[in-house]
Amino acid sequence: MTVPVWMLLGFATWTALLLLFTIGTYRWSRIFSGRVAIRNFPADASGGEDWYRRATRAHANCIENLPVFGAIVFALQVSNVTGPLVNALAVSVLVARILQSMVHVCFVHTNTVASVRFTFFFVQFVCFIWLTGIIVWQLPVAVTAAP
C-alpha cells in the first residue's frame, strides 16, 4: 500500500477510535450503569457534559472530512501519482487531523483553543488543495487534432 492509502486507513481508524473512546464510552457507561435509558441519546440531541459535546463535534468533523480525503487518495491511486511530497502531505493530513481532534476534545473552548484547532484544520485544507493540484497538474493533457 502507498503512504496516502495508509494515511487514509489511519484517518478512518482515528475516526472509529475517537467514537469508541469518547462518545461510546460516555454513552455506554451511562446506559450500563442504569443512569439513563438507551433512548436518551437521540441523534439530534446536543445534551451531555461539555467535553462530550466537544467530542461529538470532533467526531463529526472527522466524518465530514474523511470522504474528502478518501476521494483525493482514490484520485492519487488511479492517477498513479506518487512521490515524497505526496507522502508528506498525506502524513500531514493525518497528523493535523489527530491534533485537531485532541485539541477539540481536551480543551475548553476559548478563542485561543479555537484558533489552534482552526490552524490544524487549515493545515489539512491546504494539504487537500495541494494534493488536488498535484493530481491535476500531473494528468496527461490530451490534444486532439481538428479534422
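Sequence order sets the numbering: in each chain, residues are counted from 1 along the sequence as written. The predicted nature of this model means local features are confined to residues of pLDDT at least 70 and side-chain atom pairs, given and counted, to a pLDDT of 80 or more, with totals for whole chains, interfaces and linings taken over all residues. Excluded from the side-chain calculation are hydrogens and water; included are all heavy atoms of the structure.

A.B. asks: Residue-level account of the pattern of salt bridges, with values.
C.D. replies: For this document, the term salt bridge refers to a Lys or Arg side-chain nitrogen within 4 Å of an Asp or Glu carboxyl oxygen. Tallying each qualifying case throughout the model produces 4 salt bridges. Its salt-bridge partner being Glu49, residue Arg30 comes within 2.9 Å of it at the nearest N-O pair. With Arg30 in helix 1 (residues 3-32) and Glu49 in the loop between helix 1 and helix 2 (50-79), this residue pair connects regions lying 19 residues apart in the sequence. Glu49 gets classed as partly exposed once you look at its relative accessible area, which sits at 37%. The salt bridge involving Asp50 is made with Arg54; its shortest N-O contact spans 2.4 Å. Note that Asp50 and Arg54 are positioned in helix 2 at a spacing of 4 residues, about one turn of the helix. Numbering of helices and strands starts at the N terminus; helices are DSSP runs of H or I of at least 4 residues and strands are runs of E of at least 2. Partly exposed describes any residue whose relative accessible area lies between the buried limit of under 20% and the exposed limit of over 50%, with all areas from a 1.4 Å probe on protein chains only and scaled to the type maximum.

A.B. asks: Give me the lowdown on the side chain of Arg54, citing residues and values where you can.
C.D. replies: Overall, the relative accessible area of 10% leaves Arg54 in the buried class. Those residues in contact with Arg54 that lie beyond four places of it in its chain are His104, Val105, Cys106, Phe107, Val108 and His109. Throughout, a contact is declared for two residues whenever any of their heavy atoms are within 4.5 Å.

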